[in-house]
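Geometric and topological summary
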Amino acid sequence: MRPMRALLFSVWLLSAHAAIAVAQVPDAKRPFDRLVVGARATGALDRGDFHESWEPGFGVELDVATPFYAGDLFLLTRVSGNGARDGVDVPDLTTIAIVAGWSASRRIAGPVHVGVNAGLGITEWLFDVDERESVRLEMELCTELGARVSLPVADAWDIVAAATWQATSTYHRIDITYLSLGLARTFGAPDWIGSVLE
Amino acid sequence: MRRALLLVLALVVTTTSSARAARVTITRATLDATGQSRLAEAIARVAPWLNTTSDFYTYSPTPGGATMPRALSWSVVLDGAPVDVSVFDAMHLELVPVAVGEIDSIVFVSAEDGLDGSSARGRIELYTTRAGSGWSVDAALAAASQSGDPGPYAYTAQATPNVDAIGPDAALRIAHGSRNWYASLSGRLAQHPFTDTEIRERVDAQMGALRPGVESLPPNPDLTSWFYNADGPAVLRTSATLRAGVRSGSHWHDATLALSDAHHYFHFSEAFGSEVPTDQMLSLASLSGAFATGARTRIEYSASASEKELRDTDGALAFDYEWESRHAGGNARVVHETGRTRAHLGAGIEQRTVSSTDTLTDDSDTFVRANAGVERRVSRSFTLGASLASTFADDDNAIAGGVTSRWVVRDADTLSARVVYRQRLAVEDDNLWLWTARGYSMLADRGLAPTYENTTARSGVGTVEVAWSSLGMLGGIRVAGAINRFDDATVERRSYAFEPAACAFESPTRVIGGQQGHTGMLDLRVWHGLGDHSRADFSFVYLEEFNSDADFSAVWRSVPRHQIRYALSFWPLPTWSGRVAVTHVSSTHWVDYETIDGVVCLSDGFEIPIRARVDGVTSLDASIRHGMFGGRWVADVIARNILDDDVRYHPAGASMSFTLIVQLRTNWN
């Protein structure tokens, strides 16, 4: 195993242990009894090889989470636009990530919650070219690790700030760290969601 | 708590080992836990045998270290009847007309003593599930995506070829049954692309023949498709199977009619130094069962007939086979059991006939087999057994015999030992060398005619195996050690030259007989519960070759020396379960490739060095299963090689990167 892989794996393990430790603390939630719907503005933080050809664009994250027996399950969609850098002959593209995963959070001080999450999904790139579908669209597997802080601001409303490291397993791997800020609203979950997930 | 421990114990007993040391049984529950949709893949995940594969589709095991590497001297048996899935120098396990979801259990038999009436040195027995009462419908759909696509870099100077999706694979079974009979109709479809960069370069010239006027493969983006693309190097596997059975007393009689087709199977052949494309069609009819002839006596029987055709369906493959192989045979044996004694006496006959446009010196073989054995519990804790078997063909014959003992030291501890010696006739090896010697000209037509040195009419393998198993409340352990001695074994040696234009290898084969050698195997399995809802399985298989002839020794260096696997299974809820497994397979060395060690294959802008040594690999796999709607629907998400290491097992083989498999299954009964 190469050193970088070993390091990444260690990060995974540490994150998982931290998340499991957080999830061990009992809370009052029952599985699937609520939905937390979030919307956040997001932007790429780092400047890797990918950003030598494309401008890091802004985007939006939408996610839905529901309590699981330990922690939460979530489904996230992130859409961001990336324009070609001046002088680089590549098409503009829209990046769409669809990620499912698990998260855990814990109140640490007053009303402030912190949490960690890990997910697996796909990243799609829609190229702004007039070509057949197989050339306009590329997709690849991605993994994500993240951390977030939330603060309640009103009944059922929270402000959420998140940082997410995303690795997309293209031949030349694309690592991007996203920072995002937005709101989350908690709803009661319809019964059918519990029926499916249980 | 106690109930949970008993459940763990029950799982352990059923998934590890039967009383006979050389048999390992895998149950439906274990297969389910792997979540695999393909037979070869599922078997590779659970088999106790070391395995190398060149394409992650073809399964090439060395059963118990008692068969030569990549030899075809092991067999596949479906519901008691043999299935011929060999294709010259590979076993096409996926050709077996059964879906993973139909399998009730798999038994791996190594160092067998001939009790079954065949002379295979290893055997995979597949037993299907008989349909339950009423109508039932089972269906499965699976697809996989392997990472490594170019993504947005496709539009930059760093562009790389696309990696094809795997699948989709699908299976459907409709069945109706009652307490005393059942009938089922099932179908299966699988697609697998052979588009690893190196393989793609090798098949390029062959695939050019598929499209007259087109000299090379279309660019990979055009190959990427969720459905089969006949222009690409990919196999399309379809099968249809009709099964029916009736109960007679406490026994069943099962019949199978099946058609299995593989369109464009590109398997790597060491003899050709490249992928060999075949269209295969297997027709199979079988009948097996048992009936009682007394309170303590029963007759077990099986009969089967099959026809396997290698052909060029669309007249486009680069090989002209004109090859049909027909097998017909039957076995019967009388089994008598008393409280302390179990004895059997059996006989069988098998006929193999080949049709080819070449004039063969001998196109038909008939094998007559006889076997007998007795096992007796000589005291409350000690059982002894002995068996004898013989195979006759023309003027030759081969014998097999064995002595077994089992000592139940305490209720939970068992010590078993077996000494087995098996001969096998050279003409039983239904391989390329046999038929080339009889006049089949496919190798010679390509300037690859083999030479034969010191070949003998029969070979022998003697095995001494000792195994100890112990069960406790929290888990168990099984340790087995075996030494195999080979007499008059046949090995294949080559000194490859490299053809850079096609990334292919070329060398006539020396078929060398009269080889002697030894292998030793250690098989350690430890399992333990981790609370009420999880368990861990550790396995370690170690193989060593020693005190052998030089060519024998050289060939065995291509088999991994050890394999370590640690798997953690957990089921926190009845509807949720998961599995995480870490597997390490040690490095291998392929002596035939030493002459070209370090050459570079140029393909699609990649420089791929060919190395005689294949590094050891460590892979991390994880899977999650979720049952929905009362268990009628089950979803599996399987992530394989999560660390995205360079997983490969052959110098010229494919490399498997991080792969995600999604499978959806449903069962309506």
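Per chain, the residues get numbers from 1 upward, laid out in the order the sequence is written. The lettering of chains begins at A and the numbering of ligands begins at 1, in the order of writing. Totals for whole chains, interfaces and linings use all residues, but because this is a predicted model, local features are given only for residues with pLDDT of at least 70 and pairs of side-chain atoms are given and counted only at 80 or more. Each side-chain value is worked out from all heavy atoms of the structure, with water and hydrogens disregarded.

1. Digging into the interface of chain A and chain B
In this assembly, 34 residues from chain A lie in contact with 32 residues from chain B. Carbon and sulfur atoms make up 65% of the area that chain A and chain B hide from each other, which totals about 2,900 Å². Area buried by chain A at its contact with chain B is led by A:L141, A:Y171 and A:H172, which between them contribute 19% of it. For salt bridges, the criterion is a side-chain nitrogen of Lys or Arg within 4 Å of an Asp or Glu carboxyl oxygen. One can count zero salt bridges joining chain A with chain B. Contacts described as polar in this section are N or O atom pairs within 3.5 Å, which, within protein, must combine one atom able to donate a hydrogen with one able to accept it, while residues neighboring in sequence count only if both atoms come from side chains. Inspection of the chain A/chain B interface yields six residue pairs in polar contact (both at pLDDT 80 or more). Helix and strand assignments follow DSSP, with helices taken as H or I runs no shorter than four residues and strands as E runs no shorter than two, numbered in order from the N terminus. Among the secondary structure elements, those contributing two or more residues to the side of chain A that touches chain B are α1 (3-24), α2 (50-53), β5 (112-127), α3 (133-136), β6 (137-154) and α4 (191-197) of chain A. With five residues, β6(A) is the single largest residue contributor to the side of chain A that touches chain B. Polarity classes work like this: nonpolar for Ala, Val, Leu, Ile, Met, Phe, Trp, Tyr, Cys and Pro, charged for Asp, Glu, Lys and Arg, and polar for all others, with Gly in that last group. Partitioning the side of chain A that touches chain B into residue classes produces 21 nonpolar, six polar and seven charged. Every residue pair with non-hydrogen atoms within 4.5 Å of one another is taken to be in contact. The term buried area means the drop in 1.4 Å probe accessible area that two parts suffer when joined, counted for both and summed.

2. Let's talk about the pairing of strand β1 (residues 34-44) of chain A
Should DSSP find at least two bridges between two strands, the strands are regarded as paired. Where β1(A) and strand β8 (residues 174-188) of chain A come together, 11 bridges link them in antiparallel fashion. Paired with A:V37 across the bridge in β8(A) is A:R185.

3. Quick notes on the state of the cysteines
Residue and element names in this part refer to chain B. Cysteine sulfurs are considered disulfide-paired once they come within 2.5 Å of each other. Tallied over the entire structure, the rule returns one disulfide over all chains. Covalently, C503 is tied to C601 through a disulfide, its sulfur atoms 1.7 Å apart. Residues C503 and C601 are joined by a disulfide whose S-S torsion is about 100°; by sign, that bridge is right-handed. In this pair, C503 sits in the loop between β26 (497-499) and β27 (504-506) while C601 sits in strand β33 (residues 600-603), placing the two residues 98 residues apart along the sequence. With respect to class, C503 is no different from C601; both count as buried. Categorising residues by exposure relies on relative accessible area from a 1.4 Å probe, with only protein chains included: less than 20% of the type maximum marks a residue as buried, more than 50% marks it as exposed, and the intermediate range marks it as partly exposed.

4. Some remarks on the packing of aromatic side chains
Any two of the Phe, Tyr and Trp rings considered here, Trp counted by its six-membered ring, make a pair once their centres fall within 6.5 Å; the pair's planes then place it as stacked at under 30 degrees, edge-to-face at over 60, or tilted in between. The full count for this structure, using the stated rule, is 27 aromatic pairs over all chains. Ring geometry for B:Y57 against B:F194: centres 5.8 Å apart, planes inclined by 85°, an arrangement best described as edge-to-face. Taken together, the residues B:Y57 in the loop between β2 (50-52) and β3 (60-62) and B:F194 in the loop between β12 (181-193) and α4 (197-208) connect sequence positions 137 residues apart. Taking the relative accessible area as the measure of exposure, B:Y57 reaches 4% and is therefore buried. Among the aromatic residues, ring-to-ring pairing joins B:F268, B:Y496, B:F498, B:F505, B:W590 and B:Y593 into one connected group. The ring of A:F187 has A:R185 sitting right over it, with the charged end atom 4.8 Å from the ring centre. Ring-over charges, as used throughout, are those where CZ of Arg or NZ of Lys falls within 6 Å of the ring centre and within 35 degrees of the ring normal. Over the ring of B:W435 we find B:R438; its NZ or CZ atom is 5.1 Å from the centre of that ring.

5. Describing the side chain of B:S390
Residue and element names in this part refer to chain B. Position of S390 relative to the elements: it lies in strand β20 (residues 382-393). In this structure S390 comes out as buried when scored by relative accessible area, which is 13%. Side-chain polar atoms of S390 contact the backbone oxygen of A398, separated by 3.2 Å. Among residues more than four places away in sequence, those in contact with S390 are V368, R369, A370, N397, A398 and I399.

6. Quick word on a nonpolar patch on the surface
All names here are of chain B. Candidates for patches are residues over 30% relative accessible area with no salt bridge; among them, like charges are joined within 9 Å and nonpolar side chains (Val, Leu, Ile, Met, Phe, Trp, Tyr) within 5 Å. Using the Shrake-Rupley algorithm and a 1.4 Å probe, accessible areas are obtained, with residue cover drawn only from the displayed protein chains. Residues V403, W407, V409, L415, V419, V464, V466 and W468 make up a contiguous nonpolar surface patch of roughly 650 Å² in combined accessible area. Listing elements by their share of the nonpolar patch, those giving two or more residues are β21 (396-410), β22 (413-425) and β24 (458-471). Structurally, V464 can be placed in strand β24. With a relative accessible area of 44%, V464 lands in the partly exposed category.

7. With respect to a positive patch on the surface
Residues and elements named next belong to chain B. Think of it this way: Lys and Arg go in the positive column, Asp and Glu in the negative one, and His and the chain ends go nowhere. Here the site of a charge means NZ on Lys, CZ on Arg, CG on Asp, or CD on Glu. Side chains of R340, R376, R377 and R380 sit close together on the surface and give a patch of like positive charge. Within the fold, R380 resides in the loop between β19 (364-377) and β20. Look at R380 and you get exposed, because its relative accessible area is 75%.

8. Side note on the pairing of strand β2 (residues 58-67) of chain A
Residue and element names in this part refer to chain A. The pairing of β1 with β2 spans eight bridges and is antiparallel. By the bridge assignment for β2, T42 is matched with G59. Bridge count for β2 against strand β3 (residues 72-82) is nine bridges, and the pairing is antiparallel. If you follow V64 over to β3, its bridge partner there is L75.

9. Regarding the nonpolar core
All names here are of chain B. I43 and L126 are the most contacted members of the largest nonpolar core, which totals 67 residues. Element by element, the count of residues in this core is highest for helix α3 (residues 39-46), at five residues. Apart from residues lying up to four places away in sequence, I43 is in contact with Y59, L93, I106, F108, I124 and L126. Among buried residues, the Ala, Val, Leu, Ile, Met, Phe, Trp, Tyr and Cys ones that are joined through side-chain atoms within 4.5 Å form a nonpolar core. L50, A71, V491 and I512 belong to the second largest nonpolar core, which has 16 residues in total.

10. What to know about unusual backbone geometry
Residues and elements named next belong to chain B. Its identity is not glycine, yet H264 carries a phi of approximately 65°, on the positive side. Mapped onto the secondary structure, H264 falls in strand β14 (residues 251-269). Look at N547: it is not a glycine, yet its phi comes out positive at around 50°. Of note, N547 is situated in the loop between β29 (534-546) and α8 (550-556).

11. Brief notes about the sheet that holds β3(A)
Residues and elements named next belong to chain A. Strand order in the closed barrel formed by eight strands is β1-β2-β3-β4-β5-β6-β7-β8, with antiparallel pairing between adjacent strands. Direction aside, the axes of adjacent strands within the sheet are offset by 25° on average. Relative to strand β7 (residues 157-168), β6 runs antiparallel, the two sharing 12 bridges. Bridge pairing in β7 places G146 opposite T164. For helices, the axis comes from a line fit to the C-alpha atoms of the stretch in contact; other axes are also lines fit to C-alpha atoms, and the angle between any two N-to-C directions lies between 0 and 180 degrees.

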